[in-house]
Amino acid sequence: MQLYLVQHGEARSKSQDPARALTDQGRADVARVAAFVTRAGIKVYQIRHSGKLRAEETAAILAEHLNPVEGIVALPGLAPEDDVRPVAELLGRETRPLMFVGHRPFMERLVGLLVAGDRTCVVVRFRRGGIVNLVRDPKPWAWSVQWVVTPNLIS
């Protein structure tokens, strides 16, 4: 199974915008990464996001490029401080390629739990607008990091 984890793009500060919409730079960064992974042939069945505006906007930009079969949905439990165990359990039942758009530190904790079995272990540092690709080997049930792409790597 392929899993693509995305930290939302750069967002306005809470003082500028309490809803924290993406900045112009954040939109541009996400669009650049989305175009890159589309050219690389990445396909996803569905994009799931936290429901926060910055994650929803990031998911929408990614969906414009990736055209997920089952579209975009908000998924409770992806907020910055949420417990990662319920999402990890959900992923144990999934077989289709999925993309989740969320926040730090949640995403780093999820990768720590999936790859190292410890949500406090930082396996990879997320960057705004970046994507971390994990792959699950069905035997044994184990996740590994396949690749990472961040906006600053793409010209």
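Residues numbered from 1 in each chain as written. Predicted model: local features only at pLDDT ≥ 70, side-chain atom pairs only at ≥ 80, totals over all residues. Heavy atoms only, no water.

### Quick notes on unusual backbone geometry
Here is the rule we go by: The helix count covers DSSP runs of H or I at least four residues long, the strand count covers runs of E at least two residues long, and both are numbered beginning at the N terminus. Summary of the burial criterion: residues with accessible area below 20% of their type's maximum are buried, those above 50% are exposed, and those between are partly exposed, where the area comes from a 1.4 Å probe applied to protein chains only.
Residue proline 105 follows arginine 104 across a cis peptide bond; omega there is 5°. Among the secondary structure elements, proline 105 is positioned in the loop between strand 4 (98-102) and helix 4 (106-116). Residues other than glycine seldom take positive phi values, yet arginine 20 does so here, at roughly 60°. Although it is not a glycine, asparagine 67 sits at a positive phi angle of roughly 45°. With a relative accessible area of 57%, asparagine 67 lands in the exposed category.

### Re the sheet that holds strand 6 (residues 142-149)
For the record, the criterion: Here, any two strands with at least 2 DSSP bridges between them count as paired. Angular values range over 0 to 180 degrees, each being the angle between N-to-C directions of two axes fitted as lines to C-alpha atoms, with helices fitted over their stretch in contact.
Strand order in the open sheet formed by six strands is 3-2-4-1-5-6, with mixed pairing between adjacent strands. Edge positions in the sheet fall to strand 3 (72-74) and strand 6, since each of these pairs with one other strand and no more. Geometrically, the sheet is characterised by an average inter-axis angle of 25° between neighbouring strands, direction not taken into account. In the sheet, strand 2 (residues 46-49) pairs with strand 3 via three bridges, with the strands oriented parallel. Each residue of the ladder has a partner; that of arginine 48, found in strand 3, is valine 73.

### Looking at the pairing of strand 6
Within a regular strand, side chains alternate between the sheet's two faces. Sheet topology note: the strand 5 (residues 131-137)/strand 6 ladder contains seven bridges and is antiparallel. Pairing of isoleucine 131 across the sheet is with valine 149, part of strand 6. Count of turn residues in the strand 5/strand 6 antiparallel hairpin: four residues.

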